[in-house]
Amino acid sequence: MKDEITYDDLKQHEHIFTLAPFFVLKMMAKKNSNLVRKFQTTIESHLDKLDEEQKSKLNLILESDVDHLQKLLRQAYEHTKLKQYELLSDPKNKEFIELNLNELRKLILKK
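An account of the accompanying structure is given in this report. (Residues numbered from 1 in each chain as written. Predicted model: local features only at pLDDT ≥ 70, side-chain atom pairs only at ≥ 80, totals over all residues. Heavy atoms only, no water.)

1. Some words on helix α7 (residues 66-80)
The terminal C-alpha atoms of α7, which comprises 15 residues, lie 20 Å apart, in line with the 21 Å expected from a rise of 1.5 Å per residue. Buried within α7 are the following residues: V66, L69, Q70, L72, L73, A76 and Y77. Along the long axis of α7, the arc covered by the buried residues comes to 160 degrees, so they all point the same way. With respect to the buried face of α7, the exposed residues turned more than 90 degrees away are K71 and H79. (Helix = DSSP H or I, 4+ residues; strand = E, 2+ residues; numbered from the N terminus. Expected span 1.5 Å × (residues − 1). Buried < 20%, exposed > 50% of the residue type's maximum accessible area, 1.4 Å probe, protein only. Arc of directions from axis to C-beta.)

Encoded structure:
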C-alpha cells in the first residue's frame, strides 16, 4: 500500500477533473467557492459507492499536503495541457483547494 498520492493516481481519474468546464472552475476558484457544499448530495452518493481501494486513495488525498497535490497537478498539466490542472496547480488557488478538502473531510466524518 502506497502512502503518497502520485501522478498516476491523478491520471486514472482524469475525468473527474474535466467534469467542470474550465471557465466554471475558474470562476469557482476565483470566488473561493465551497464546491463540496454545493454538490454535497452528489458527493455523498459517490462516497457510498467507493470500494476499499478507492477509499484508501481518497484518504491519501485528504492526508496529503496541498503543496504536494499542486505539484502533482502541475505535472498532470505538463503531460495533458488540460487547463483545469493548470488552474488547480496555481499557488493562488491553494486556499480554494484547502477549503474544499476540509469540507470533504467534514462530510466523510459525518458518515
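2. Some remarks on the packing of aromatic side chains
Across all of its chains, the model carries one aromatic pair by this definition. Consider the rings of F17 and Y85, whose centres lie 5.0 Å apart with planes at 50 degrees: the pair is tilted. Residue F17 is found in helix α2 (residues 14-17), and its partner Y85 is found in helix α8 (residues 83-89); the two are separated by 68 residues along the sequence. For F17, a relative accessible area of 21% corresponds to the partly exposed category. Given a relative accessible area of 1%, Y85 falls into the buried group. Stacked on the ring of Y77, the Lys or Arg K81 has its end atom at 5.1 Å from the ring centre. (Phe/Tyr/Trp six-rings, centres within 6.5 Å; stacked < 30°, edge-to-face > 60°. Lys NZ or Arg CZ within 6 Å of the ring centre and 35° of its normal.)

3. Here we look at the packing of helix α6 (residues 52-63) against helix α9 (residues 94-110)
When two helices pack together, their arrangement is captured by the angle between the axes and the distance separating the axes. As a packed pair, α6 and α9 sit with axes 10 Å apart at the nearest point and diverge in direction by 135 degrees. It follows that α6 is oblique to α9 by the angle criterion. Considering how the two elements wind past one another, α6 and α9 form a crossing that is left-handed. Listed contacts from α9 to L58, I61 and L62 of α6 are L101, L104, R105 and I108. Its residues assigned to classes, the contact of α6 with α9 comprises six nonpolar, no polar and one charged. (Axes fitted to C-alpha atoms, helices over the stretch in contact; angles between N-to-C directions. Parallel < 35°, antiparallel > 145°, perpendicular 65-115°, else oblique. Left-handed = near helix turned anticlockwise from the far one by under 90°. Contact = heavy atoms within 4.5 Å. Nonpolar A, V, L, I, M, F, W, Y, C, P; charged D, E, K, R; others polar.)

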